Amino acid sequence: MKVVKSILMFFGVVFVAGALMFAVQSSAVIPQETDENTEEVSPENTYKITSIEIPEDLNFAGEPVPLTDPEVMERIDREFLVNTYWQSNALLLMKRANKYFPIIEPILAKNGVPDDFKYLAVAESGLQNVVSPAGATGFWQIMRATGKEYGLEVNSNVDERYHIQKSTEVACRYLKKYKEKFGNWTLAAASYNAGAGAINKYLTQQKVDSYYDLLLGQETGRYLFRIMAIKEILSAPEKYGFEISEEDMYKAVPSFTVDLDVPVANFADFANEYEINYKILKRHNPWLREPHLNNNSRKKYTIEIPNKGYYKVD
């Protein structure tokens, strides 16, 4: 009986092994079905996440960055990576820059401030009239006290920190003042973010004379590197993988100005006189903070009015 069982078991094993070998051989010779419409995807056509090559001549306002310092190199590399791969934000910055840089650039040039400082405004506000938790306001993030110190009107009715031309003029005066104090544009830019008093204190405490040698808090410690990354990406978007055409850019609406030296009871009525509405008037004059103008002093204000035909107004 045991002999019979052994013989049956042997033949069973041989049968199973043969079936498995046949299945393997069959799968090897049967051709696989293919879809003629399927496009072969080559590795070079796929989206790639790579490190960013840092320009060897990286500088801020003509002042070189010490890229041979490994700690400095890591900090700049971080900002290039963060700002390159935050694609939606970078595209928005490019679109806004096309609209607002033509306003900012000639004011910087007139005041003898390097063109690189337009990127400081980008880093500060993203070229938007935002208000920080500390109350810094507008494209240049000017504090109330600083605005008043430099001659801006700042109150509930009129706040010229929202006035792009006037606030750019103030930023220029501030930067020139602290460039003279600290001796270079890099520390002047750092003082714009942290305050001149803080930068002076850190330089004295740490016994150094360069921004790149200072131990600073995270915001100011990243500040100049972020500005330089934004500068490089916006200056050469194709180099960093961005494709954007001129027609995709935001553009300024042509306008003219009207001088006022009297109060205005209702800006909605005033806007209607020029065939626009209150929203459009505010879009062009964000420094007007209320729907009326007090102007008891009969000060002369210049109001920007868009040319006809650029907005659809019911």
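Residues numbered from 1 in each chain as written. Predicted model: local features only at pLDDT ≥ 70, side-chain atom pairs only at ≥ 80, totals over all residues. Heavy atoms only, no water.

Caption draft 1: Quick look at helix 8 (residues 196–206). Turning to helix 8, its buried residues are Ala196, Ile199 and Leu203. With its buried residues spanning 70 degrees around the axis, helix 8 presents them on a single face. Opposite its buried face, helix 8 presents the exposed residues Gly197, Thr204 and Gln205, each directed more than 90 degrees away. The inward-facing, buried residues of helix 8 contact helix 6 (164–182), helix 7 (185–194) and helix 9 (218–235). A positive backbone phi angle near 55 degrees is found at Lys207, which sits one or two residues after helix 8. (Buried < 20%, exposed > 50% of the residue type's maximum accessible area, 1.4 Å probe, protein only. Helix = DSSP H or I, 4+ residues; strand = E, 2+ residues; numbered from the N terminus. Arc of directions from axis to C-beta. Contact = heavy atoms within 4.5 Å.)

Caption draft 2: Summary view of the packing of aromatic side chains. For the structure on display, the rule yields 17 aromatic pairs. Relative to Phe117, the ring of Phe60 has its centre 5.0 Å away and its plane inclined at 75 degrees; by these criteria the two rings are edge-to-face. Residue Phe60 is located in strand 1 (residues 59–60), and its partner Phe117 is located in the loop between helix 3 (87–110) and helix 4 (118–125); the two are separated by 57 residues in the primary sequence. A relative accessible area of 0% places Phe117 in the buried class. Ring geometry for Trp140 and Tyr192: centres 6.4 Å apart, planes at 70 degrees, overall edge-to-face. Taken together, the residues span a long stretch of sequence, with Trp140 in the loop between helix 4 and helix 5 (144–149) and Tyr192 in helix 7 at a distance of 52 residues. The pair Trp140 / Tyr192 is uniform in exposure class, with both members buried. Here the aromatic residues Trp140, Tyr150, Tyr174, Tyr178, Phe182 and Tyr192 are joined through ring pairs into a cluster of three or more. (Phe/Tyr/Trp six-rings, centres within 6.5 Å; stacked < 30°, edge-to-face > 60°.)

Caption draft 3: Spatial organisation of the packing of helix 3 against helix 6. Viewed as axis vectors pointing N to C, helix 3 and helix 6 meet at an angle of 40 degrees, and their least axial separation amounts to 10 Å. Between helix 3 and helix 6 lies a crossing of right-handed hand. Together, Tyr100, Ile103, Ile104, Ile107, Leu108 and Lys110 of helix 3 and Ile164, Gln165, Thr168, Glu169 and Cys172 of helix 6 make up the contact between the two elements. Its residues assigned to classes, the contact of helix 3 with helix 6 comprises 7 nonpolar, 2 polar and 2 charged. (Axes fitted to C-alpha atoms, helices over the stretch in contact; angles between N-to-C directions. Left-handed = near helix turned anticlockwise from the far one by under 90°. Nonpolar A, V, L, I, M, F, W, Y, C, P; charged D, E, K, R; others polar.)

Caption draft 4: Inspection of the pattern of salt bridges at higher detail. Overall, the coordinates contain 12 salt bridges when judged by the stated rule. For Glu71, the salt bridge is made with Arg75, and the minimal N-O distance between the two is 3.1 Å. Of the two residues, Glu71 and Arg75 are both situated in helix 2 (residues 70–85); the distance of 4 residues between them amounts to about one turn of the helix. Residue classification places Glu71 among the partly exposed positions, given a relative accessible area of 41%. (Salt bridge = Lys/Arg side-chain N within 4 Å of Asp/Glu carboxyl O.)

Caption draft 5: Up close: the packing of helix 7 against helix 9. Contact geometry of helix 7 with helix 9 gives a least axis separation of 10 Å together with a crossing angle of 140 degrees. Put simply, helix 7 runs oblique to helix 9. Of the two possible hands of crossing, helix 7 and helix 9 adopt the one that is right-handed. Taking contact as the criterion, the partners of Thr186, Ala189, Ala190, Tyr192, Asn193 and Ala194 in helix 7 are, on helix 9, Glu219, Thr220, Tyr223 and Leu224. Tallied by class, residues from the contact of helix 7 with helix 9 come to 6 nonpolar, 3 polar and 1 charged. (Parallel < 35°, antiparallel > 145°, perpendicular 65-115°, else oblique.)

Caption draft 6: Quick look at unusual backbone geometry. You will see that Ala61, though not glycine, has its phi angle at about 55 degrees, which is positive. With relative accessibility at 17%, the residue Ala61 sits in the buried group. At Leu127, a residue that is not glycine, the phi angle is positive and equals roughly 55 degrees. Take Leu127: it is sitting in the loop between helix 4 and helix 5.

Caption draft 7: Quick peek at the confidence of the model for the chain. Averaged over all residues, the pLDDT of the chain equals 89, while 85% of them reach at least 70. Summarising per-element confidence for the chain, the mean pLDDT is lowest in helix 1 (residues 2–29) (46) and highest in helix 6 (98). This model gives residues 13–17 a pLDDT under 50, and the stretch forms 0 contacts once residues within four places in sequence are excluded. Across residues 19–35, where pLDDT falls below 50, the model places 1 contact with residues more than four positions away in sequence or in other chains. (pLDDT = per-residue confidence, 0-100.)

Caption draft 8: Inspection of the nonpolar core at higher detail. If you look at the biggest cluster of nonpolar residues, it comprises 66 residues, and the most contacted ones within it are Phe60, Phe117, Trp140, Tyr192, Tyr211, Met228 and Leu234. Contributions of two or more residues to this core are made by helix 2, helix 3, helix 4, helix 6, helix 7, helix 8 and helix 9. Broken down by element, this core gets its largest block of residues, 9 residues, from helix 9. Setting aside residues no more than four positions away along its own chain, Leu234 makes contact with Leu93, Met94, Ala97, Phe101 and Tyr119. Counting 17 residues, the second largest nonpolar core, distinct from the first, contains Phe267, Leu281, Ile303 and Ile305. (Core = buried A, V, L, I, M, F, W, Y, C linked by side-chain atoms within 4.5 Å.)

Caption draft 9: Inspection of the environment of Val313 at higher detail. Here Val313 is to be found in the segment after strand 4 (301–306). Here the alpha-carbon distance between Val313 and Ile280, two residues 33 residues apart in the chain, equals 9.2 Å. Here Val313 is in contact with Glu275, Ile276, Asn277 and Ile280, once residues within four sequence places are set aside.

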